[in-house]
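Geometric and topological summary
So the chains spell out like this:
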Amino acid sequence: MKNKVFILFLFMISLSFVQCAKRGNPSGGEIDTTPPRFVRASPENYSTNFNAEEIRIFFDEYIKLLKPQEQIIISPPVTPRPEITPLGNPQRFVRIKIEDTLQDNTTYVINFGNSIVDNNEGNTLPFFKYVFSTGNYIDSLSVSGTVSDAFLKEAEPFISVMLYEIDENFSDSIVYIQPPRYVTNTLDSLRTFELTNLKAGTYHLVAIQDRNNDYKYNPGREKIAFINEPVTIPTDTTYNLTLFREDIAFQPERPRQLNNNKLLIGHRGRINPDSLKFEPLSPVPPDFEFRIVNVPNKDSIHFYYKPVLNTDTLRLKSVTPVRTDTIMTRIVDMPADTLQVTTEPTGNLTFGGDIILRANTPIITVNNDLISLMDRDSVSVNFTSELRQFENVVHLQFPKNENQSYTLNVYPGALTDFYNSTNDSINRLFKTRAYSEFGNLSLTLNNVRSFPIIVQLTDEKGIVKAEQYSTSSNNLRFEHIQPGRYFLRVIYDANENRRWDTGDYLKRIKPEEILYFPDVLDVRQNWDINEIFNLN
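Residues numbered from 1 in each chain as written. Predicted model: local features only at pLDDT ≥ 70, side-chain atom pairs only at ≥ 80, totals over all residues. Heavy atoms only, no water.

1. A look at the sheet that holds strand E25 (residues 341–344)
If you trace the 4 strands from one edge of the open sheet to the other, you get E25-E26-E30-E29, paired in antiparallel fashion. For this open sheet the edge positions go to E25 and strand E29 (384–388), each flanked by a neighbour on one side alone. Between one strand axis and the next, the sheet turns by 20° as a mean value, whatever way the strands run. (Pairing = 2+ DSSP bridges. Helix = DSSP H or I, 4+ residues; strand = E, 2+ residues; numbered from the N terminus. Axes fitted to C-alpha atoms, helices over the stretch in contact; angles between N-to-C directions.)

2. Quick notes on the sheet that holds strand E12 (residues 192–198)
An order of E12-E9-E16 is seen for the 3 strands of this open sheet, with the pairing classed as mixed. The sheet is open, and its two borders are formed by E12 and strand E16 (238–243), each paired with just one other strand. Direction aside, neighbouring strands of the sheet carry axes that sit 30° apart on average. The sheet contact formed by strand E9 (residues 141–149) and E16 spans 6 bridges and is parallel.

3. Considering the pairing of strand E24 (residues 324–330)
The side-chain alternation of E24 yields one buried face, formed by Asp325, Ile327 and Thr329, and one unburied face, formed by Thr324, Thr326, Met328 and Arg330. The pairing of strand E23 (residues 313–319) with E24 spans 7 bridges and is classified as antiparallel. Paired with Leu316 across the strands is Ile327, a residue of E24. Adjacent in sequence and paired antiparallel, E23 and E24 are bridged by 4 residues. (Buried < 20%, exposed > 50% of the residue type's maximum accessible area, 1.4 Å probe, protein only.)

4. Brief notes about the side chain of Thr458
Mapping Thr458 onto the fold places it in strand E35 (residues 453–458). When its relative accessible area of 1% is taken as the criterion, Thr458 is described as buried. Thr458 has contacts with Ile463, Val464, Lys465, Arg485, Tyr486, Phe487 and Arg489, leaving out every residue within four places of it along the chain. (Contact = heavy atoms within 4.5 Å.)

5. Some points on the packing of aromatic side chains
To describe a pair of aromatic rings, you give the distance between the ring centres and the angle between the ring planes. Considering all chains together, one arrives at 24 aromatic pairs under this definition. On the basis of an interplanar angle of 55° and a centroid distance of 4.9 Å, the ring pair of Phe351 and Tyr435 is categorised as tilted. Taken together, the residues Phe351 in the loop between E25 and strand E26 (355–359) and Tyr435 in the loop between strand E33 (426–431) and strand E34 (439–446) connect sequence positions 84 residues apart. On the accessibility criterion, Phe351 (14% relative accessible area) is buried. An aromatic cluster of three or more residues is present, and its members are Tyr176, Tyr217, Phe226, Phe244 and Tyr505. (Phe/Tyr/Trp six-rings, centres within 6.5 Å; stacked < 30°, edge-to-face > 60°.)

6. Topic: unusual backbone geometry
Glycine aside, negative phi is the norm for most residues, and most peptide bonds take the trans geometry. Looking along the chain, the bond that leaves Ser42 and enters Pro43 is cis, with omega of -10°. Its place among the elements puts Pro43 in the loop between strand E1 (38–42) and strand E2 (54–65). Cis rather than trans, the peptide bond between Lys306 and Pro307 has omega equal to -5°. Structurally, Pro307 is set in the loop between strand E22 (300–306) and E23. Phi at Lys67 takes a positive value of approximately 45°, unusual for a residue other than glycine. Among the structural elements, Lys67 can be located in the loop between E2 and helix H2 (68–71).

Honestly, it's all geometry; don't read function into it.
The following block contains the structure:
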């Protein structure tokens, strides 16, 4: 019996050593998920008859401010903007130093958005506001709504929503030159907004993609949205603001000479080659000529001219229906471009695509008799050609079959450029793939408000991959779609010009309406998709 007790005793001691050996590092307890808590402020929050030069807002733990320039909105705007800290080391308080005299009898709101986070875990105190009035009461009215984008499926975050008071000094141009009476930001994923602590009155409601945080609208660089009718507060209406980027007038920048017959001219605004005219202001030869060609994916054009200029300066006047500009560049002796032609695509042909001939000097004429297109069996394939001078490309269009190869021969003299040069021989092979390697989409559109409509498939970056134009039918089919993820959108083409048109703020013209299908389409090989899109 004693032996059994002794053995049990040894076993218990051994077990205690094993347990000790298994000890690990302490877990450190649960992760803190509690945001900072507001404790007090000096002066107190919602103070009246405010006349302090500094505000301190205290919290129950150390905090820091994330992206304060984007997140913290002061309404009405204060110029210069108050100094707000901490910007570096964490503190238990936020300090706001007011640099300028505040307006009399005005309620101010400092909205911190999601900028206040605790120092250790980064927990956010959402939408904390400090409110005060320089008068003897706090304004308490509000207006709310949503912000969308006219062209994109979803608007960007941090859109400034503004109210301008409509009084005897109000005009539509006020958004260009003066900060608003009230301002807030959209901060959440739903792109909603709420302007609070407003006084009763009549206002102009706009939203601006305020890239430089100056509370003013900068056309061309920023998007704008507006409500046509005045907003009377108090109101029970919820407003939707649709952002768009205006087409500004063509504005050329200073040219840069690239070689003896070509300039590069950057510009702002959309260019219309049919209405844009250039006139030389410097002395030029009587046979001086020029052509303009768009530079793909850049806000620039190439300006080709002949003959070679015997001058050190070229001054040009650009004329559009709405403005005239004078530009100048130095001219030096440089080598000249010679005609070179490339072909596209570099990979397989798509069934809806064309063979494209792209030149580095302006193409003037195309001779189809010197272009040959044959299939795998050496059978001639009929095609049509289209010269697009502003893009400086030639499209060869023809019907295509699956699993087929096409041989293109462009013989010397088929293309003649602006300088009377002609092309060298070009021989290229193009192939198509099997229909089974692509997907198809059958689409039914319900509740179409009006025709015509433009129906587009875009990739996730918004680049159009397929498009159809319908003047009456609400049943459409997209065939031979490259497998991938796509967005689907419908554009109401109100002016029937077969493209989407943006708005004009001063003319109070809204952009043409675009409706996005709510889901992403997953197109797969050898698969047919059937979708119904309710355009409500």
